[in-house]
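Listed below are the residues making up each chain.
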Amino acid sequence: MRGLFHHDINACETKILPGEHNFIATLVEGRDLKKRPTEFRMDEVIQPFDDRKFNFTKVKQDELIFRFEENENGEAKYFENNPMDVSASPNIVAINVSICPSFESHSSLCMQEIVVTVSWLQLSPIGYGHVLLIPRLLDCLPQRIDRESFLLAVYMTREAGNPYFRMGYNSLGGFATINHLHFQGYFLEVSFPIEKAPTQRIATLGSGISIFELMQYPIRGLVFEGGIALQDLSDTVSSVCILLQENDKPYNVLISESGKRIFLLLQCYAKKQALGEVSQELLETRLNPAAWELSGHLVFKRREDYAKASEQSIYKFLVEAALSKEQFEGVKQQILDFLFIGAAKDKIGE
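Residues numbered from 1 in each chain as written. Predicted model: local features only at pLDDT ≥ 70, side-chain atom pairs only at ≥ 80, totals over all residues. Heavy atoms only, no water.

Colleague: Kindly report on the packing of aromatic side chains, identifying the contributing residues and their values.
Modeller: Tallied over the entire structure, the rule returns 12 aromatic pairs. When the centroid spacing of 6.0 Å and the interplanar angle of 80° are considered together, the rings of Phe54 and Phe56 count as edge-to-face. Across the pair, exposure class does not vary: Phe54 and Phe56 are buried alike. Plain terms: the ring middles of Tyr169 and Phe183 are 5.3 Å apart, the flat faces sit at 45° to each other, and that makes the pair tilted. Of this pair, Tyr169 sits in strand E6 (residues 165-170) while Phe183 is found in strand E7 (residues 183-187), placing the two residues 14 residues apart along the sequence. Judged by relative accessible area, Tyr169 falls into the buried class, the value being 1%. The exposure class assigned to Phe183 is buried, which follows from its relative accessible area of 0%. Members of the aromatic cluster, joined through ring pairs, are Phe150, Tyr169, Phe183 and Tyr251. (Phe/Tyr/Trp six-rings, centres within 6.5 Å; stacked < 30°, edge-to-face > 60°. Buried < 20%, exposed > 50% of the residue type's maximum accessible area, 1.4 Å probe, protein only. Helix = DSSP H or I, 4+ residues; strand = E, 2+ residues; numbered from the N terminus.)

Colleague: Mind laying out helix H5 (residues 230-246), listing which residues take part and the relevant values?
Modeller: A rise of 1.5 Å per residue sets the reference length of H5, with its 17 residues, at 24 Å; its end C-alpha atoms lie 25 Å apart and thus fit the reference within 8%. For H5, the tally of buried residues reaches 13 of 17 residues, placing the bulk of the element in the interior. (Expected span 1.5 Å × (residues − 1).)

Colleague: Lay out the packing of helix H3 (residues 147-159) against H5 in plain terms, naming residues and giving numbers.
Modeller: Interaxial distance between H3 and H5 falls to 9 Å at its minimum, and their mutual angle equals 135°. Considering their axes alone, H3 and H5 lie oblique with respect to each other. Crossing of H3 over H5 shows right-handed handedness. Along its contact with H3, which presents Arg147, Phe150, Leu151, Val154, Tyr155 and Arg158, the element H5 presents Leu230, Gln231, Ser234, Asp235, Val237, Ser238, Ser239 and Ile242. Split by residue class, the contact of H3 with H5 holds 7 nonpolar, 4 polar and 3 charged. (Axes fitted to C-alpha atoms, helices over the stretch in contact; angles between N-to-C directions. Parallel < 35°, antiparallel > 145°, perpendicular 65-115°, else oblique. Left-handed = near helix turned anticlockwise from the far one by under 90°. Contact = heavy atoms within 4.5 Å. Nonpolar A, V, L, I, M, F, W, Y, C, P; charged D, E, K, R; others polar.)

Colleague: Can you tell me about the confidence of the model for the chain, naming the residues and giving the values?
Modeller: Scored by pLDDT, the chain has a mean of 81; 71% of the residues are at 70 or more. In the predicted structure, residues 1-7 sits below a pLDDT of 50 and forms 25 contacts with residues beyond four places in sequence or in another chain. Confidence over residues 95-123 falls short of pLDDT 50; this stretch has 111 contacts with residues more than four positions distant or in other chains. (pLDDT = per-residue confidence, 0-100.)

Put into structure tokens, the structure is as follows:
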């Protein structure tokens with residue numbers, strides 16, 4: 001793996017900022033200059049896949065790590081040197097092979113093998129074991145949630161068998177930088193600030209899924225928990241994601257607590273940026289409000305910004321990305337109407 005990565009995550013400085021939220025700041029100098037440039041509009045949620053632009057079928061062979069597939073008998077197994085059936089359009093995982101010593105002895109679902117074997121590498125990692133999950137690689141799906149792919153990401157979070165492993169998703173318009181369907185995940189051995197934020201229950205579905213609203217946090221969003229089975233939770237959240245996509249509403253997702261708690265975050269930063277409504281001061285920091293940043297782990301590209309980072313400055317940045325209260329209330333009501341009307345239709349059809 002030597003020479004593949006743009007930086008050594010072990011050498012990157014990280015600090016927890018004092019304050020109400022304990023935001024986490026990491027310095028990866030020049031990370032944005034080393035990443036591939038975005039090749040599509042940043043303010044549109046649905047855009048077609050374009051094979052002329054960078055996508056994950058063009059990644060080098062030595063960045064390949066392993067496949068993540070469902071086992072027919074439901075048992076977790078790891079197969080070394082298992083041939084790939086290209087016709088099956090496999091689910092590919094990419095990972096940062098920088099190993100955190102506290103995770104080396106972990107054994108649940110071969111996460112140890114995941115960390116020390118190799119599949120498709122996140123070449124610009126921001127945390128230990130930073131992976132990319134690319135569902136049905138050869139189908140060349142655009143960055144757009146579907147139920148099957150979202151369930152795969154939820155299952156991967158569960159099968160990691162470690163509560164410090166989370167997965168995230170960024171829609172187009174929500175700072176996804178490659179229009180080829182993918183999720184990201186990594187280990188962070190502290191709570192994300194958003195995971196500690198208070199919530200207020202606003203609804204409970206017939207399936208037992210509870211919906212909460214984030215409170216006293218700079219980004220507005222919903223939290224989904226419960227359900228009879230993990231697939232119930234996954235299907236509910238993915239159906240809401242599809243609703244948002246179809247209505248051109250950017251969003252980000254954090255899959256937490258081994259898949260049992262899912263945060264759906266709404267934002268408008270890219271649209272403000274396109275309209276010239278973001279201050280030059282914020283633009284100069286080159287911070288992008290993607291899933292990790294909205295959840296409270298911010299990656300700074302310049303030492304001067306990292307040195308000046310504070311609770312107040314990060315709060316200001318996140319508020320700039322958030323929907324207004326009026327905008328959020330409208331989207332929230334649209335989501336609840338959609339879920340309850342859908343539940344009523346299902347009940348009538350029984």
